[in-house]
Amino acid sequence: MKLALATTTAATALLLVGCASKNDARYIDPQGPQTVVSIDRINIQDWNNAAERLVASLLASGVLERAPEQPAVMAVSRIRNNTQQQVDTDLLTKNIRVALNRTGKVITTTTLGPDGRVEDPLAAEVGSMQAFMSGERQRTVLPFYTLSGKLLEDRVRVGNTQQTTFTFQLSLTTTRDGLAVWEDVQQITKQGRRSSVGW
Amino acid sequence: MRLLVLTTTLAAALLGAGCATSVNTVSRAEPTATPNYVADQRVITDASLSRKLGIVSVNQATVSGNLLQIQVTLENRSTRPQAFTYKFDWIAQDGMELSGPTTGWRQIQLQGREVRAVSAIAPSPAAADFRLKVREN
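Residues numbered from 1 in each chain as written. Chains lettered and ligands numbered in written order. Predicted model: local features only at pLDDT ≥ 70, side-chain atom pairs only at ≥ 80, totals over all residues. Heavy atoms only, no water.

Visitor: Give a detailed account of the sheet that holds strand E1 (residues 36-37) of chain B, specifying residues and quantitative values.
Guide: All names here are of chain B. Sheet architecture is open: four strands sit in the order E1-E2-E3-E7, paired in antiparallel fashion. Here the strands that pair on one side only, and so sit at the sheet edges, are E1 and strand E7 (115-121). When E1 meets strand E2 (residues 53-63), the two strands line up antiparallel, connected through two bridges. Looking across to E2, one finds that Tyr37 is bridged to Asn59. (Pairing = 2+ DSSP bridges. Helix = DSSP H or I, 4+ residues; strand = E, 2+ residues; numbered from the N terminus.)

Visitor: An account of helix H2 (residues 44-61) of chain A is needed here, citing residue identities and associated values.
Guide: All names here are of chain A. The first and last C-alpha atoms of H2 sit 26 Å apart over 18 residues, in line with the 26 Å expected at 1.5 Å per residue. When H2 is considered as a whole, its buried residues turn out to be Gln45, Asp46, Trp47, Asn48, Asn49, Ala50, Ala51, Glu52, Leu54, Val55, Leu58 and Leu59. At the exit of H2 stands Gly62, carrying a positive phi of roughly 80°. (Expected span 1.5 Å × (residues − 1). Buried < 20%, exposed > 50% of the residue type's maximum accessible area, 1.4 Å probe, protein only.)

Visitor: Residues and numbers for the side chain of Thr89(A), please.
Guide: With respect to the helices and strands, the residue Thr89(A) is situated in the loop between strand E2 (72-81) and helix H3 (90-103). For Thr89(A), the contacting residues outside a window of four places in its chain are Ile79(A) and Leu151(A). (Contact = heavy atoms within 4.5 Å.)

Visitor: Outline the interface of chain B and chain A, listing residues and values.
Guide: Tallying the contact residues gives 22 residues for chain B and 20 residues for chain A. Here chain B packs against chain A, burying approximately 1700 Å² in sum over the two surfaces, 55% of which is carbon and sulfur. Three residues stand out in chain B for area buried against chain A, namely Ser64(B), Pro101(B) and Arg106(B), and they jointly supply 34% of the buried area on that side. On the surface where chain B and chain A come into contact, there are one salt bridge. The partner of Glu52(A) in a salt bridge is Arg106(B), with the nearest N and O atoms 2.3 Å apart. Linking chain B with chain A are nine residue pairs in polar contact (both at pLDDT 80 or more). Among the elements of the structure, strand E6 (106-110) and E7 of chain B are those that each provide at least two residues to the side of chain B that touches chain A. (Buried area = accessible area lost by both parts, 1.4 Å probe. Salt bridge = Lys/Arg side-chain N within 4 Å of Asp/Glu carboxyl O. Polar contact = N/O pair within 3.5 Å; in protein donor to acceptor, adjacent residues only side chain to side chain.)

Read these as layout, nothing more, since geometry by itself doesn't imply function.
Set out below in structure tokens:
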């Protein structure tokens, strides 16, 4: 009787421990398949996935080798968000910049931005201060390429099933002639009734 | 009794037909493409997965001057649609694994008997080798 009681207690305790560890907060790999999938939001894996596909497309296109100087200097222009959610487009562009930077093909300027909004104002200020102190003209390396794009969203519902498509459009433009030398569109479609953990 | 058996058989046949959505394909009889195939070694820890998903071929190319590109052609051996997740790891000449912001797990959905390739470009010119991991969803 005692043995049965002990066994039952131990089994219950193990079960509870198991359940607790599943529901309690824990760390997961942000690049792994245990992340949450929401139907109506761009999840972290969607940003990573879109960035990977766009970077692969850009590298495979061969346009980066056409820049007269290597690595090619690129500035990030406007990425328009036409989705229903408020997002920071750096979730896409920073991944792309980091990936391109590691390939050694592209270097991004942080002292030039759309509408005069620079990413690193201190670097711009120090650059002009150095130029002033030395009496020389400020040397700003102008970008050969600019990266621009748009995020779009399409929602449709049939009964209880909802489907959302997020479209990531990007263009790489040469600044000297304003021509888009590379363009690509990647879409991510999610369908279901509710969000889920893991995919 | 006969009617019951007939109805059950018909229902089972219809059910089976509904699930079987395999893909028919057509291609050039004598392909002109000349892929650079890679001799590969496979480590199977999930026998069920290896029965469902076949590795048809592995080939490589160089893009953007010095970046290794690997393409692995997969085949869904089942007649039903299946989803798999995969991940490319990249290894430098000195054996160190290379990481990047775009080297995570990805999903692929294959229709019944569909053959499709997954590919990836190395995150750095330092990549010399690769490892593809595949798991069942």
